[in-house]
Amino acid sequence: MSDEVKVDARTAPEACQTMAEVRHGVDALDRALVVLLAERQRYMDAAARIKPSRDVVHDDARIKDVVTKVLAAAGPAGLSPDIAEPVWRTLIDRCIAHEFAQWDRTRG
C-alpha cells in the first residue's frame, strides 16, 4: 500500500463560499479517513496475530502513550483537543474490541 493517501480535489475550508463546497470537502476527507482507518485496522489485525496472549491486548500504558502523541500532534495541526481526545479514545476502544475479536477468531 502506498504511504500517500489520495484526497479528492476540494476547496480549502477558508475559501468555501457555499455549503455545497463545505460538504464536498468533508466528504472528500471522510473518504481519505476511511482508507487510513482501514490501514490502522490492519495493524490491529497484525497485533492480534503477534501478541502471545489475549491478556496483553488491552494495554493502559499504550493507550496513554497514543493519546499523548495525538494531543501533541493535534495542536500544531490546528485540531482542537476537545475533538482529538474523545475521537481517539473512541477509536482506541473500538480498535481494542476489534483486536480482541480478531485474537479470538484466530486463536481462541
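Undergrad: Explain the overall build of the protein chain to me, please; I cannot follow it from the model alone.
TA: Within the protein chain one finds three helices and zero strands. Beginning at the N terminus, the succession of helices and strands in the protein chain can be written as α-α-α. Here the C-alpha atoms of the protein chain give a radius of gyration of 17 Å, more than 25% beyond the 13 Å that 2.2 N^0.38 yields for 108 residues. Overall, the C-alpha framework of the protein chain stretches about 55 × 25 × 20 Å when taken along its three principal axes. The buried share of the protein chain, reckoned over its 108 residues, is 20%. Partitioning the contacts of the protein chain with sequence separation of at least 6, the portion at a separation of at least 24 is 66%. The centroid of the 16 positive side-chain charges in the protein chain is displaced by 4 Å from the centroid of its 18 negative side-chain charges.

Undergrad: Honestly, the layout of surface pockets in this entry has me stumped. Any pointers?
TA: With a probe scaled to a water molecule rolled over the atoms, the places where space remains empty come into view. Roughly 770 Å³ of internal volume is contained in the largest pocket. Every residue lining the largest pocket is counted, 24 residues in all, and those nearest its centre are Arg40, Val66, Trp88, Leu91 and Ile92. Element by element, the count of residues in the lining of the largest pocket is highest for helix 3 (residues 81-107), at eight residues. Within the lining of the largest pocket, the residues separate by chemical class into 18 nonpolar, no polar and six charged. The computed volume of the second largest pocket comes to approximately 250 Å³. Tallied by class, the residues present in the lining of the second largest pocket amount to nine nonpolar, two polar and three charged.

Undergrad: Would you mind showing me how to read a nonpolar patch on the surface here?
TA: Among the surface-exposed residues, Met19, Val22 and Val26 lie close enough to one another that they form a single nonpolar patch of about 230 Å² accessible area. With respect to the helices and strands, the residue Met19 is situated in helix 1 (residues 19-50).

Undergrad: I keep staring at the packing of helix 1 against helix 3 and nothing clicks. Help me out?
TA: Two quantities define a packed helix pair, namely the angle between the helix axes and the distance between the axes. Axis separation between helix 1 and helix 3 bottoms out at 8 Å; the angle between their running directions is 45 degrees. By the angle between their directions, the pair helix 1 and helix 3 is classed as oblique. Regarding helix 1 and helix 3, the two cross each other, and that crossing is right-handed. Counted together, Leu37, Arg40, Gln41, Met44, Asp45, Ala47, Ala48, Arg49 and Ile50 of helix 1 and Leu91, Ile92, Cys95, His98, Glu99, Gln102, Trp103 and Arg107 of helix 3 form the full contact between these two elements. When grouped by side-chain class, the residues that make up the contact of helix 1 with helix 3 number nine nonpolar, three polar and five charged.

Undergrad: It is not clear to me how the pattern of salt bridges should be interpreted in this structure. Could you clarify?
TA: Here the idea is simple: oppositely charged side chains can pair when their charged atoms come close. Summed over all chains, the structure comprises seven salt bridges. Lys6 is the salt-bridge partner of Asp8, the closest N and O atoms lying 3.1 Å from each other. With relative accessibility at 66%, the residue Lys6 sits in the exposed group. The closest approach of N and O atoms between Lys69 and Asp65, which form a salt bridge, is 3.0 Å. Highlighted residues: Lys69 and Asp65, both in helix 2 (residues 60-77), separated by four residues, approximately one helical turn. Assessed through its relative accessible area of 49%, Lys69 is described here as partly exposed.

Thresholds, definitions, all that
Residues numbered from 1 in each chain as written. Predicted model: local features only at pLDDT ≥ 70, side-chain atom pairs only at ≥ 80, totals over all residues. Heavy atoms only, no water. Helix = DSSP H or I, 4+ residues; strand = E, 2+ residues; numbered from the N terminus. Rg over C-alpha atoms; globule rule 2.2 N^0.38 Å. Buried < 20%, exposed > 50% of the residue type's maximum accessible area, 1.4 Å probe, protein only. Contact = heavy atoms within 4.5 Å. Lys, Arg positive; Asp, Glu negative; His and termini not counted. Charge placed at Lys NZ, Arg CZ, Asp CG, Glu CD. 1 Å grid on protein atoms, 1.4 Å probe; cavity = no way out; pocket = protein on both sides within 12 Å on 5 of 7 lines; lining within 4 Å. Points joined across faces, edges and corners; volume = space filled by probe spheres on them. Nonpolar A, V, L, I, M, F, W, Y, C, P; charged D, E, K, R; others polar. Patch = residues over 30% accessible without salt bridge, like charges linked within 9 Å, V, L, I, M, F, W, Y side chains within 5 Å. Areas by Shrake-Rupley, 256 points an atom, 1.4 Å probe, with all protein chains shown as cover. Salt bridge = Lys/Arg side-chain N within 4 Å of Asp/Glu carboxyl O. Axes fitted to C-alpha atoms, helices over the stretch in contact; angles between N-to-C directions. Parallel < 35°, antiparallel > 145°, perpendicular 65-115°, else oblique. Left-handed = near helix turned anticlockwise from the far one by under 90°.

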